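# Descriptive analysis of the structure
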Amino acid sequence: MNVSISKNGKECLITVSGKINTTTYMQLLNEIRDEIEGDSEVVFDFNEVEFVSSAGLRTLLSVRQKITTGSMKIVNVSEEVFDIFAATGFNAIFTLEMKETDSLDSINVSFKKFLKNNAAANPDNEIFKDPRGVYTWSDLDKCSQIIAADLSRMGVTKGSHVGIFGTNSVNWVFTLFAVQKLGAIACLLNSSYNTAELKKVSLLGDITLLCYGESPTITDEKAFLDEVISAEGSALTESYPIGNNIDFTARKDEYTALAGMFPDAVEADSVAVMIYTSGSTGTPKGVLLSAYNLLSSSLTLAEVIKLNCNDRLCLITPLFHIFGMTAGLFSNLMRGGKIYFPDDIRTATILHIIQNEKCTLFHSVPTMALALMNNKEFTSESVESLRCTILAGAPTTVAQLSAMSEKFKNNHFINAYGMSEIVPISITEYGDSFEHISQTVGQVVNTIHLKIQNLATGEECPLGEQGEIMVEGITAMSGYYKLDPSRQAIDNMGWIHTGDLGFIDKEGYLHLTGRSKELIIRGGENISPNEVANEISKSDKIADVKVVGVPAYFYGEIVCACVVMKDGEIFCEEEMNEFLKDKLAKYKIPSFYMTFEQLPMLSNGKADMVTLKKTAAEYYNKSGKKF
């Protein structure tokens, strides 16, 4: 890549040629960083730009963040590069001007090549097992090709946004690779979303086709489809079933006629996946990730846990989350480990698979490990084959880790920290001490840069001093889909603001101390208190409401709603839960409620959230309830 800069007063012309990708984006950022001021009028000339990767998009967003009163536009954009901006929503973020030119050659996407290489080299190697059978690389290649042909006939093309909705299954994975073969973007949807949330996310993510499997939301398939497909408030116009009752391997005879289809390819740096995170506002945000991001993250995790071809993983971490996608799916595919898909996540089912299949790996949130221990059939002998468990998605307390370590006698527990936007950020080592595992989230991985920033001054904190955790690196997202620059987590220097507070000790271990964003993490699921409060406030009986997180042994945190009733109204928990069940996913509905005549207030007229959290915690602890 070559960069030239021409300045005339506030006007700054930046001419770029070649590819802006993972290996060149820092060169671009370093060359132009000092040339741009807040009032600059910046024009990027992309006449000779062949490709912009997820890292390149992130860099351009970082430059745009630095321009406060000036302007920025990108001119002479080819159709291929414009398609990258459009597919990822960055055409809504930047001002683009296209050029008239011949189409550039197609470029590879590593998920597609990754599958092709493994299917050619190891066609008969077993990679998945579920209650219906065993599946090889050849099965994955052929079944994903058959699904890709089906989706293509339904109008899916390069850049299309395809929703994948359902619990973990082999068919879910077949569908993910099918979407990649078409050069489309797989939008991974929480299987607990209700129909209202599905419609909301479909609009925000421009998702038009829904691939759906098993979900607690789907009790009546026809009623579900009537509610979300071509319905008011939904962008979804087509549906494609991928449930466990469908055996795609029974259609493998179709593969011969389809084998040569979809020859076009896309780069490894192209956005391949959109994962949704609620954030502190409750409005879902689409995190844009490339195959390069995900495979790099997965390889890092595989190396830390010493993953090899003899490992067997009982996979329960949801594939629609970044943790399940990296530590669960791709880490094992990269190292030849075998993945077992249970039909459900009942503790009895999981124990049966771990014991009978001699699983060596079982990654989870602390809640699930504790649930296994509470099953009446649990014994230390039933899990003696396990050698490693990564705990992520929620904080692990010393009490929880102590209890798990006592019961899982042969198991190495590893504490990891990350977020949908970039993972992993830090991780403990395979042989780390109990103190490191229980009191820290490990050392920063070598794929990223991290600093602790003083919230008041913006300066980097010295060792031992608390501040906001800031990260940047090759595994970082491009940005949030179609979100205004002012609401992006990436600042004008390219750093991602995690919203988490912490410090680094003298040994280089990262400690989490709190959150600057008010998220509640219940059993690994992020919950926005504002979203829950907004839905409760829609009841005509509620005068005021605030929602807080309360520490709990089992789930880590639970949701408490503090409500003020209108004059003459009496609160009924059952009635409120019934009111919320069609508005919020089940895990977001409060575990308990507290009623107040008036919420405690600060002198500035705002609710005293510290007092509310303390009062709610005291009430929960005295109640004797266990969540």
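What counts, and at which threshold
Residues numbered from 1 in each chain as written. Predicted model: local features only at pLDDT ≥ 70, side-chain atom pairs only at ≥ 80, totals over all residues. Heavy atoms only, no water. Pairing = 2+ DSSP bridges. Helix = DSSP H or I, 4+ residues; strand = E, 2+ residues; numbered from the N terminus. Axes fitted to C-alpha atoms, helices over the stretch in contact; angles between N-to-C directions. Contact = heavy atoms within 4.5 Å. Salt bridge = Lys/Arg side-chain N within 4 Å of Asp/Glu carboxyl O. Core = buried A, V, L, I, M, F, W, Y, C linked by side-chain atoms within 4.5 Å. Buried < 20%, exposed > 50% of the residue type's maximum accessible area, 1.4 Å probe, protein only. Parallel < 35°, antiparallel > 145°, perpendicular 65-115°, else oblique. Left-handed = near helix turned anticlockwise from the far one by under 90°. Nonpolar A, V, L, I, M, F, W, Y, C, P; charged D, E, K, R; others polar. Phe/Tyr/Trp six-rings, centres within 6.5 Å; stacked < 30°, edge-to-face > 60°. Lys NZ or Arg CZ within 6 Å of the ring centre and 35° of its normal. Expected span 1.5 Å × (residues − 1). Polar contact = N/O pair within 3.5 Å; in protein donor to acceptor, adjacent residues only side chain to side chain. Right-handed = clockwise from strand over helix to strand, strands pointing away.

### Side note on the sheet that holds strand β4 (residues 71–77)
Strand pairing in a sheet relies on backbone hydrogen bonds, with the paired strands running either antiparallel or parallel. An order of β1-β2-β3-β4-β5 is seen for the 5 strands of this open sheet, with the pairing classed as mixed. On the outer flanks of this sheet lie β1 (2–8) and β5 (95–98), each paired with one strand and no other. Each strand axis lies, on average, 20° off the axis of its neighbour in the sheet, ignoring direction. Contacts between helix α1 (residues 25–32) and the sheet are confined to β1, β2 (11–20) and β3 (41–52), with β1 contributing the most and set at about 20° to the helix. Contacts between helix α2 (residues 54–66) and the sheet are confined to β2, β3 and β4, with β3 contributing the most and set at about 180° to the helix.

### Brief notes about the pattern of salt bridges
Taken as a whole and judged by the stated rule, the model has 22 salt bridges. K222 serves as the salt-bridge partner of D226, at 3.0 Å between the closest nitrogen and oxygen. One end of the pair is D226 and the other is K222, both in helix α8 (residues 221–228) and 4 residues apart, which spans about a single turn. For E575, the salt bridge is made with K541, and the minimal N-O distance between the two is 2.6 Å. Residue E575 is located in helix α17 (residues 573–580), and its partner K541 is located in the loop between α16 (529–536) and β26 (542–552); the two are separated by 34 residues in the primary sequence. A single salt-bridge network, built from bridges that share partners, covers D150, R153, R251 and E254.

### A closer look at the nonpolar core
In this structure, F44, F46 and F128 are the most contacted members of the largest nonpolar core, which totals 144 residues. Discounting chain neighbours no more than four positions away, the residues touching F44 are I14, V16, I32, L60, V63, M72, K73, I74 and V75.

### Side note on the packing of α1 against α2
Where α1 meets α2, the closest approach of the two axes is 9 Å, and the angle between their N-to-C directions is 15°. Relative to α2, the element α1 is oriented roughly parallel. Seen along the crossing, α1 lies across α2 with a hand that is right-handed. Contacts between α1 and α2 pair Y25, L28, L29 and I32 from the former with A55, G56, R58, T59, S62 and V63 from the latter. Here the contact of α1 with α2 is built from residues that sort into 6 nonpolar, 3 polar and 1 charged.

### Concerning the packing of aromatic side chains
What the rule picks out here adds up to 19 aromatic pairs. Ring centres of Y135 and F174 lie 6.0 Å apart, and the angle between their planes is 75°; on these two criteria the pair is classed as edge-to-face. Here F174 lies in helix α6 (residues 170–181) and Y135 lies in strand β7 (residues 133–136), a separation of 39 residues in the sequence. Per residue, the accessibility class of Y135 equals that of F174, and both read buried. Members of the aromatic cluster, connected to one another through ring pairs, are F111, F114, W137, F177 and F330. Looking at R58, its charged tip hangs above the ring of Y25, at a distance of 5.2 Å from the centre. Here the guanidinium or amino end of K285 rests over the ring plane of Y480, the centre of that ring lying 4.5 Å away.

### Overview of helix α5 (residues 137–153)
The terminal C-alpha atoms of α5, which comprises 17 residues, lie 24 Å apart, in line with the 24 Å expected from a rise of 1.5 Å per residue. Extensive coverage of α5 is indicated by the burial of 14 of its 17 residues. Capping the start of α5, T136 holds a side-chain oxygen 3.3 Å from the backbone nitrogen of S138, two or three residues further along. Positive phi appears at G155, one or two residues downstream of α5, with a value of about 105°.

### Overview of the pairing of strand β17 (residues 412–419)
Look at any regular strand and the pattern is simple: side chains alternate between the two faces of the sheet. Of all 8 residues in β17, 6 are buried; the element is thus mostly enclosed. Two elements, strand β16 (residues 388–391) and β17, share 4 bridges in a ladder whose sense is parallel. From the neighbouring strand, L391 faces β17, where its bridge partner is N415. Note: β17 against strand β18 (residues 422–427), 3 bridges, orientation antiparallel. Residue pairing in the sheet places Y417 in a bridge with S426 of β18. Taking the residues that link successive antiparallel strands as the turn, the β17-β18 hairpin has 2 residues.

### Remarks on the pairing of strand β27 (residues 556–565)
Counting buried positions over the 10 residues of β27 gives 9, a clear majority of the element. In terms of strand pairing, β26 meets β27 through 10 bridges, oriented antiparallel. Looking across to β27, one finds that V548 is bridged to C560. Where β26 folds back onto β27 in an antiparallel hairpin, the turn is made up of 3 residues. In the sheet, β27 pairs with strand β28 (residues 592–595) via 4 bridges, with the strands oriented parallel. Opposite C562, over in β28, you have M594 as the bridge partner. Handedness of the crossover is the feature at issue here: the chain leaves β27, passes through α17, returns alongside β28, and the resulting connection is right-handed.

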